[in-house]
Amino acid sequence: MFFKEMALNNNHGNGTINNDFTNGRKSEWVRLNVGGTTFLTTRTTLSRDQKSFLYRLVQEASDLNTDKDTDGAFLIDRDPTYFGPVLNFLRHGKLVMNKDLAEEGVLEEAEFYNIPDLIKAVKEKIVERDAKQNLTFMKNVYRVMQCSGQELTQMVSTIPDGWKFEQLLNIGSHYNYGTEDHAEFLFVVSKECPTLLNGSNEPSDRAKVLQLKGTRI
């Protein structure tokens, strides 16, 4: 009888501990309904930044009057697309984004939820992105000049600094009885010029440039 009572007491004790543990785990988990999409996370994660909206939201005596949906999830009227990076930043302190997400969108959410470290991280990423987009590289720019046979020697001797000879094209003569002196030439030169990676400049396609064959510079 003595041993039987001890066993019952132990089982009852274990059941109480397990129930307390389970209830504790349940109270730690929080559901958020962000723009119709449900996110499941913990109070600990949402409390990483004590200045943030999310920290205030999950406090027992919250000063925020936030409604809940039928499943008990806090309703937040924001775009769920950009909430993922916000939540992940609170989880591990790193900014992780899909390539198709705009940094400006994440920045808007970081500012709304008032998470200074995330705001700083997103702004740094924007600066880094813009710097990459504004990188310069060298590209060849072609110039086509039309001249007569008499002008050809002078044209070769007066190539501007930085330009180099590329090609000479004989386009014939305007005269049926023309000689070499009457022949017309296209004199093609090129130059390396810096250009923005995402910018536009003179077309470097030689075929496009040669369409200017009727232009005299």
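Residues numbered from 1 in each chain as written. Predicted model: local features only at pLDDT ≥ 70, side-chain atom pairs only at ≥ 80, totals over all residues. Heavy atoms only, no water.

As recorded in an unreviewed UniProt entry, the chain goes by BTB domain-containing protein and comes from Candidula unifasciata.

Colleague: I'd like a description of the pattern of salt bridges, backed by residues and values.
Modeller: A full pass over the atoms with the stated rule returns 5 salt bridges. Among the ionic pairs, Lys-132 bridges to Glu-128, the shortest N-O distance being 3.7 Å. In this pair, Lys-132 and Glu-128 both sit in helix H6 (residues 116-133), 4 residues apart, roughly one turn of the helix. For Lys-132, a relative accessible area of 49% gives the class partly exposed. Close ionic contact of Arg-129 with Asp-130 constitutes a salt bridge, the shortest N to O distance being 3.0 Å. Arg-129 gets classed as partly exposed once you look at its relative accessible area, which sits at 22%. Assessed through its relative accessible area of 28%, Asp-130 is described here as partly exposed. Linked through salt bridges whose partners overlap, the residues forming this network are Glu-103, Glu-104, Arg-129 and Asp-130. (Salt bridge = Lys/Arg side-chain N within 4 Å of Asp/Glu carboxyl O. Helix = DSSP H or I, 4+ residues; strand = E, 2+ residues; numbered from the N terminus. Buried < 20%, exposed > 50% of the residue type's maximum accessible area, 1.4 Å probe, protein only.)

Colleague: Kindly report on the side chain of Thr-42, identifying the contributing residues and their values.
Modeller: With respect to the helices, strands and loops of the structure, Thr-42 is situated in strand S2 (residues 37-42). Taking the relative accessible area as the measure of exposure, Thr-42 reaches 14% and is therefore buried. A distance of 3.0 Å separates polar atoms of two side chains, one belonging to Thr-42 and the other to Thr-45. In this view, Thr-42 contacts Glu-28, Trp-29 and Val-30; residues no more than four positions away in its chain are not counted. (Polar contact = N/O pair within 3.5 Å; in protein donor to acceptor, adjacent residues only side chain to side chain. Contact = heavy atoms within 4.5 Å.)

Colleague: Residues and numbers for the sheet that holds strand S1 (residues 29-34), please.
Modeller: What the 3 strands build is an open sheet, ordered S2-S1-S3; its pairing is mixed. The open sheet is flanked by S2 and strand S3 (74-76), the only strands paired with a single partner. Across this sheet, the average inter-strand angle for adjacent strands is 30°, counted without regard to direction. Inspection of the sheet shows S1 paired to S2 by 6 bridges, in the antiparallel sense. Among the inter-strand pairings, Asn-33 is bridged to a residue of S2, identified as Thr-38. (Pairing = 2+ DSSP bridges. Axes fitted to C-alpha atoms, helices over the stretch in contact; angles between N-to-C directions.)

Colleague: Help me get a handle on the nonpolar core, residues and values and all.
Modeller: The nonpolar side chains of soluble globular proteins are, as a tendency, buried together. Among the nonpolar cores identified, the biggest contains 29 residues, and Leu-32, Leu-46, Leu-54, Ile-76, Phe-83 and Tyr-113 are the most heavily contacted of them. When contributions to this core are tallied by element, the ones reaching two or more residues are S1, helix H3 (53-57), S3, helix H4 (83-92), helix H5 (103-112) and H6. Apart from the residues within four sequence positions on either side, Leu-32 is in contact with Thr-37, Thr-38, Phe-39, Thr-41, Leu-46, Leu-54, Leu-57, Ala-73, Phe-74, Ile-76 and Phe-83. Listed in part, the 9 residues of the second largest apolar core include Met-145, Met-155, Phe-187 and Val-189. (Core = buried A, V, L, I, M, F, W, Y, C linked by side-chain atoms within 4.5 Å.)

Colleague: Residue-level account of the packing of aromatic side chains, with values.
Modeller: Under the criterion given, the structure shown has 6 aromatic pairs. Residues Phe-165 and Phe-187 carry aromatic rings whose centres are separated by 5.2 Å and whose planes lie at 40° to one another, so their mutual orientation is tilted. Residue Phe-165 is found in strand S5 (residues 164-173), and its partner Phe-187 is found in strand S6 (residues 183-196); the two are separated by 22 residues along the sequence. Given a relative accessible area of 43%, Phe-165 falls into the partly exposed group. Residue classification places Phe-187 among the buried positions, given a relative accessible area of 1%. Counting every residue linked through ring pairs, the aromatic cluster contains Phe-39, Phe-53, Phe-83, Phe-112 and Tyr-113. We note Arg-78 situated over the ring of Phe-112; from NZ or CZ to the ring centre the distance is 4.0 Å. (Phe/Tyr/Trp six-rings, centres within 6.5 Å; stacked < 30°, edge-to-face > 60°. Lys NZ or Arg CZ within 6 Å of the ring centre and 35° of its normal.)

Colleague: For H5, give the residues involved together with the corresponding values.
Modeller: Each α-helix turn comprises 3.6 residues. Residues three or four places apart therefore point the same way. Along H5, the positions that sit buried rather than exposed are Glu-103, Gly-105, Val-106, Leu-107, Glu-109 and Ala-110. Asn-114 lies just past H5 and shows a positive phi near 55°.

Colleague: Lay out the pairing of S1 in plain terms, naming residues and giving numbers.
Modeller: A loop of 2 residues connects S1 with S2, the two strands running antiparallel in sequence, and Gly-35 in this loop sits at a positive phi of about 55°. Across 3 bridges, the pairing between S1 and S3 is parallel. Directly across from Leu-32, in S3, lies its bridge partner Phe-74.

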